[in-house]
Each structure stands twice: as C-alpha cells, then as structure tokens.
Amino acid sequence: MDWRTRLLHAKPELPENFESLASATYRGSTVVFPSMEGLRDGWRQSEIGYSYGIYGTPTAMELAARIAAMEGARHTFLTPSGMSAIALVDLAFTKAGDHVLIPVQAYGPNVEAAKNLLGRYGVETELYDATIGGGIASLIRENTALIWCESPSSITMEVQDVPAIVKAAHARGVVVAIDNTYAAGVLFDAFAHGVDVSVQALTKYVGGHSDLLLGSVSVATEDGYERVGNTRRMLGLSVSPDECSLALRGLQTLAVRLERMEDSTLEIAKWLAERSEIDVVLHPALPSCPGHEIWKRDFTGSASVFSVLFSPRYSPEQVNAFVDHLSLFKIGWSWGGVNSLAMAYPTLTRIDANHHGRIVRLNIGLEAPVDLIADLERSLSLLG
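Computed from a predicted structure; not experimentally measured.

## Looking at the nonpolar core
The nonpolar side chains of soluble globular proteins are, as a tendency, buried together. Counting residues in hydrophobic clusters, the biggest one holds 74 residues, and the most contacted among them are Leu 63, Leu 272 and Phe 310. When residues in this core are grouped by element, the largest group, eleven residues, is from helix α8 (residues 241-273). Setting aside residues no more than four positions away along its own chain, Leu 272 makes contact with Ile 278, Val 281, Phe 306, Val 308, Leu 362, Leu 376 and Leu 380. Membership of the second largest hydrophobic core comes to 27 residues, among which are Tyr 55, Ile 86, Ala 92 and Val 175.

## Focus on the packing of α8 against helix α11 (residues 369-381)
As a packed pair, α8 and α11 sit with axes 10 Å apart at the nearest point and diverge in direction by 30 degrees. Regarding the angle of α8 to α11, the classification is roughly parallel. For the pair α8 and α11, the sense of crossing is right-handed. Between α8, through Arg 260, Ser 264, Glu 267, Ile 268, Trp 271 and Leu 272, and α11, the contact on the second element is made entirely by Pro 369, Leu 372, Ile 373, Leu 376, Glu 377 and Leu 380. Of the residues assigned to the contact of α8 with α11, the class counts are eight nonpolar, one polar and three charged.

## Some details on the packing of aromatic side chains
What the rule picks out here adds up to nine aromatic pairs. Summarising the aromatic geometry, the rings of Trp 43 and Phe 77 are spaced 5.9 Å apart at their centres and angled 55 degrees between planes, so their arrangement reads as tilted. In this pair, Trp 43 is assigned in the loop between α1 (3-8) and α2 (45-48) and Phe 77 in strand β1 (residues 75-79), connecting sequence segments 34 residues apart. Judged by its relative accessible area of 8%, Trp 43 is buried. By relative accessible area, Phe 77 is classed as buried at 5%.

What counts, and at which threshold
- Residues numbered from 1 in each chain as written.
- Predicted model: local features only at pLDDT ≥ 70, side-chain atom pairs only at ≥ 80, totals over all residues.
- Heavy atoms only, no water.
- Core = buried A, V, L, I, M, F, W, Y, C linked by side-chain atoms within 4.5 Å.
- Buried < 20%, exposed > 50% of the residue type's maximum accessible area, 1.4 Å probe, protein only.
- Helix = DSSP H or I, 4+ residues; strand = E, 2+ residues; numbered from the N terminus.
- Contact = heavy atoms within 4.5 Å.
- Axes fitted to C-alpha atoms, helices over the stretch in contact; angles between N-to-C directions.
- Parallel < 35°, antiparallel > 145°, perpendicular 65-115°, else oblique.
- Left-handed = near helix turned anticlockwise from the far one by under 90°.
- Nonpolar A, V, L, I, M, F, W, Y, C, P; charged D, E, K, R; others polar.
- Phe/Tyr/Trp six-rings, centres within 6.5 Å; stacked < 30°, edge-to-face > 60°.

Written out as structure tokens, the structure reads:
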C-alpha cells in the first residue's frame, strides 16, 4: 500500500499488559462494523452495542452507568449541560395541550424554558409555591403531565416536601421530575422518595472544578427510559468524551469534596448567622432556616451553596459593593467547584418584594474556612 493509505488504515491497537487506574478516553463519531450482517442502528447501546458516536462512546457509557448506579436509576442519559437535561425532560414528558407545574422559586431558565419553549407548542405552565407540599393536589388537572421539584430551591433555598408531592402526583398518574443538583444525586435519594426522573447539572459537583459542561437525566422506569431515550435521539443530544473523562475523574473525589465542603460551609454559615449585618442565613441544615425539619428528615447531608439576606438597612448598592470588595470569593455564576463564589441578585423577582437587592448566594470551595471568614469580615466591615 501507498504510505498515504497506510496512514489512514492503521488499526488502533489495544495495549497488552497495561493496567491503569484512569478510565480511557474513547473518541469517535463513526462506529465501524465487521460486516453488513452485523450492522445495527439505534440509541439503546447498552443493549444492542455501539452504533454511532452521537449515542455515546465507551467513555460516555461508563459515566452514564456510574451516575445511574450512584442514583439507583434504571438508566442515565447524558446531555451537553444541566439546562439541556431540563429541556430534554420537558420535551420527553409533554405534548400539546398538557399542563406543567413548576415551583416559582425554581432555577430561572427552567421556568423560562417551560413558559417560552413549551408554550410555543401549546403546553401550559403554572407556577406553584415550593412549600406547598401535599397541597399541590389542588393544582393537578386532568391534563397535568409533569410536576417539577427543586429542593432546596435555587438561591432562596426552600426545602420541598417531595414525598408528599409525589404521593399527590402519582395518585393522578402524573410524572414527577426533580432537579437534584444540590444533592449531587446522593444527599437526597430521589428514587427512594418516589421521584420518576432525576436531573443533575454534572457541571457542578460531579465535575467539581469549573471546567466542564454536562448534564444527566436519570429515570426510574421502563417508560421513562423509552421516552427520554427516543426524545434524546431525535434532538441529537450528544456529549464530548473529553468532558465525560473529566467527569469520571471528578467522581473519584466527589465524596471527599462534599464532606469537606459541608463542614466548611456550616462553619461559615453559623459565623454569618451571628453577624448584625445579616438578617437571615438561608441554609437548610440550620434549625433557623425554613424547611429545616423536612431537610433533616429527607437528606443525608448538606452542600456548599447557601444564601444570606442582608439587613433592610442596607441598600442594593451596598450589597453589590459587599460582593465587589470580596477577594477570595470570585464573582461568577454556578457553584459546586473548588473555588468560592459570590453572587448578588438585585433584580431577582421570585422572592418577597421586600427582599429585592438584599440576597447574596455563596458557594464555599476548598479554601481554608479561616481565610474565607477573614475575607467576608473585611468586606462586611466596609459596609459602614
């Protein structure tokens, strides 16, 4: 053969006698077959074998299997981001004429997607108070197809009575999905509490280092497996094996990171609760936080993210200045990484109007708590 042909047709050789603790990263779009007789096509790669890269290489399949095992799911599907995971659930479980219930305090883009994306196709979205519990039964209609939960709620940290919501929903045959990112899929056992679909932004705790974007949709039932799998295929949602490789690495340190972050976060939250500048510390593991008793009943631990509500004597401009003056805490969206973050929400609408401009969300990373407290104290002292 010509040398140019040989370059293209050299077979990748699997190494013999090479054993590593790291998972291999398999890249590929085209999957080749030994013969036409062995040809296959379809998204059910865990059953039929590999068919095309869009459904996942061995690296992606390994990550999905590990997430499913961690959450106790029937199967886990990977998506390019947490938001794409939410959209996938919306499209998999609704059709024109359906009705969806979402907490008013939920992650903003989740609400926007339901109202603006699903709304275009004749799906009605209704917002409900996250603290409604079993009272949600009064909101369920004949055409209600999906109920979203998010516990604790994004930013405002309301803890939902998920078992009560599930009981009311299942009595009417309604699917319950939860954004379980706060719990990293482990601090709250969604499927043990009856949830049908659990979504995570793997970008957060599983990735753990603020350097990847991935999402996951884990399902409990065969019906969920078919709906999500078919919808994912039609949407063409695929993930990078390199991102999956980083997430597999993140899984190895997830337990120790969560434990360290929980300890540091509680120490800092308790310190802030004693400060006169702070009106309320919204951390579900603190007895003073609304929903603490439900959190204590249903969760096995707390995470690194919580919020504080400044005293009414401070203006939104002063609260913004507090964030600006922080040094170790960086200003940025997201959370769950090893670096501490702070974010103020001067225009947040899904809270009590009296709270506007007074909420700051903190993500506690792996820095020494004493240094983070010193950073907070210095910035608080500049408020005047």
